[in-house]
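The chain contents come next:
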Amino acid sequence: MSLAPGNGPVQITQEQLQARISELGHKIRADYAGKEPHLICVLNGAFLFHADLVRTLHMPCTIDFLQASSYGDAKQSSGEVKLVKDLQFPISDRHVILVEDIVDTGITMNYLLHYLQGRGPASLKVAALLSKPSRRKVEVPVEYLGFTIPDAFVYGYGLDRAQFDRNLPFITSQE
Ligand code: IMP
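Residues numbered from 1 in each chain as written. Predicted model: local features only at pLDDT ≥ 70, side-chain atom pairs only at ≥ 80, totals over all residues. Heavy atoms only, no water.

1. Looking at the sheet that holds strand E1 (residues 38-43)
Two pairing modes exist for strands in a sheet, parallel and antiparallel, and in both the strands are linked by backbone hydrogen bonds. Using the following cut-off: Should DSSP find at least two bridges between two strands, the strands are taken to pair. In DSSP terms, a helix is any run of H or I states spanning at least four residues, a strand is any run of E spanning at least two, and both are numbered starting from the N terminus. Fitted lines through C-alpha atoms serve as axes, helices being fitted only where they are in contact, and the angles separating the N-to-C directions of these axes extend from 0 to 180 degrees. The contact definition used throughout considers only heavy atoms, calling two residues in contact when any of these lie within 4.5 Å.
The mixed open sheet is built from six strands, whose spatial order is E3-E2-E1-E4-E5-E6. Two strands lie at the open edges of the sheet, namely strand E3 (82-85) and strand E6 (144-148), each paired on one side alone. Ignoring strand direction, the axes of neighbouring strands in this sheet form an average angle of 30 degrees. For strand E2 (residues 62-69) and E3, the ladder comprises three bridges, and the chain directions are antiparallel. Within the sheet, the bridge partner assigned to Gln67 lies in E3 and is Lys85. The sheet strands contacting helix H1 (residues 14-31) are strand E4 (95-103), strand E5 (123-131) and E6, and the helix crosses E6 at an angle near 155 degrees. Packing against the sheet, helix H3 (residues 107-117) makes contact with E1, E2, E3, E4 and E5, and its axis sits at approximately 165 degrees to E4.

Shown next, in the form of structure tokens:
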């Protein structure tokens, strides 16, 4: 595994990531003024995005983590989603923001939204760093979106290539 950018169509630098995340943070701060949002990180891919996003908020907020699996080490969704790690804290009457790395087919996000909705949050919205709309099989609402990208397999900044490369500070792709 190399630590250099690939030569594919999607290249998002560290500076571009931080600038966009800061914009999303400002929007969330304005939208949730007077509230205490609860930001749920979808492990593993969203761990860096979640960490950077909450740092831009400068407002009272809480966090939790959950993990769903549908891919294993494969690059294509199996279409079957399982909850691998559940929430630690209740979300009833909380203003929940689900923080995801990428919405591809939408199957994972759709599953998680139904799951969380059943636990009675006061509100439920999605922050996703990346979206590949051309791959969508299920429409899911993304209130806070970082970047729309074409259909390419991307990695870095939390997203993996067979579990490696999550520690790249940028997002890249291969031809
Ligand atoms: P979906 O259920 O098809 O929307 O897939 C969502 C999950 O698949 C994401 O949370 C990622 O973990 C993974 N995924 C989808 N596309 C990519 C990619 O291009 N690179 C790395 N992981 C991806």
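Text resumes after the structure shown.
2. Remarks on the site of the ligand
Short version of the rule: A single heavy atom is enough: if one lies within 4 Å of a molecule or strand, its residue is considered near that molecule or strand. Think of a polar contact as two N or O atoms within 3.5 Å of one another; within protein, one of them needs to be a possible hydrogen donor and the other a possible acceptor, and neighboring residues in sequence only count if both atoms come from side chains. Residue exposure ignores everything except the shown protein chains as possible cover, and the areas themselves are Shrake-Rupley values with a 1.4 Å probe. Each residue is assigned to one class: nonpolar for Ala, Val, Leu, Ile, Met, Phe, Trp, Tyr, Cys and Pro, charged for Asp, Glu, Lys and Arg, and polar for all the others, Gly among them.
The full set close to the ligand counts 16 residues, and Asp101, Thr105, Gly106, Thr108 and Val154 are the nearest of them. Between the ligand and Glu100 there is a distance of 3.3 Å, counted from an oxygen atom to a side-chain nitrogen or oxygen. In the environment of the ligand, an oxygen atom lies 2.8 Å from a nitrogen or oxygen atom belonging to the backbone of Gly106. In the complex, the protein chains occlude 91% of the 490 Å² of accessible area that the ligand would expose alone. Those elements giving two or more residues to the shell around the ligand turn out to be E4 and H3. Per-element tally for the shell around the ligand: the top contributor is E4, with four residues. Residue classes in the shell around the ligand are distributed as eight nonpolar, three polar and five charged.

3. Description of unusual backbone geometry
For the record, the criterion: Think of it in three bands: with a 1.4 Å probe and only protein chains considered, a residue is buried below 20% of the maximum accessible area for its type, exposed above 50%, and partly exposed in between.
With omega at -5 degrees, the peptide bond leading from Leu43 into Asn44 counts as cis. Structurally, the position occupied by Asn44 is in the loop between E1 and helix H2 (47-55). If you check the backbone angles, His58 has positive phi at about 50 degrees while not being a glycine. Inspection of the secondary structure puts His58 in the loop between H2 and E2. Positive phi, normally seen in glycine, also occurs at Asp93, with a value near 65 degrees. Here Asp93 shows up in the loop between E3 and E4. Classification of Asp93 by relative accessible area gives exposed; the value is 64%.

4. Quick word on the nonpolar core
Spelled out, the test is: We define a nonpolar core as any set of buried Ala, Val, Leu, Ile, Met, Phe, Trp, Tyr and Cys residues linked to one another through side-chain atoms lying within 4.5 Å.
Ranked by size, the top nonpolar core spans 26 residues in total, and within it Phe49, Leu53, Leu129, Leu130 and Ile171 carry the most contacts. Where this core is concerned, the elements lending two or more residues are H1, H2, E4, E5 and E6. Ranked by residues supplied to this core, first place goes to H1 with four residues. In contact with Ile171, other than residues within four places in its own chain, are Val10, Gln11, Ile12, Leu17, Leu129, Leu130, Val154, Tyr155, Gly156, Tyr157 and Leu159. The next biggest cluster of nonpolar side chains, apart from the first, holds 19 residues, and it includes Leu98, Leu112, Leu113 and Leu116.

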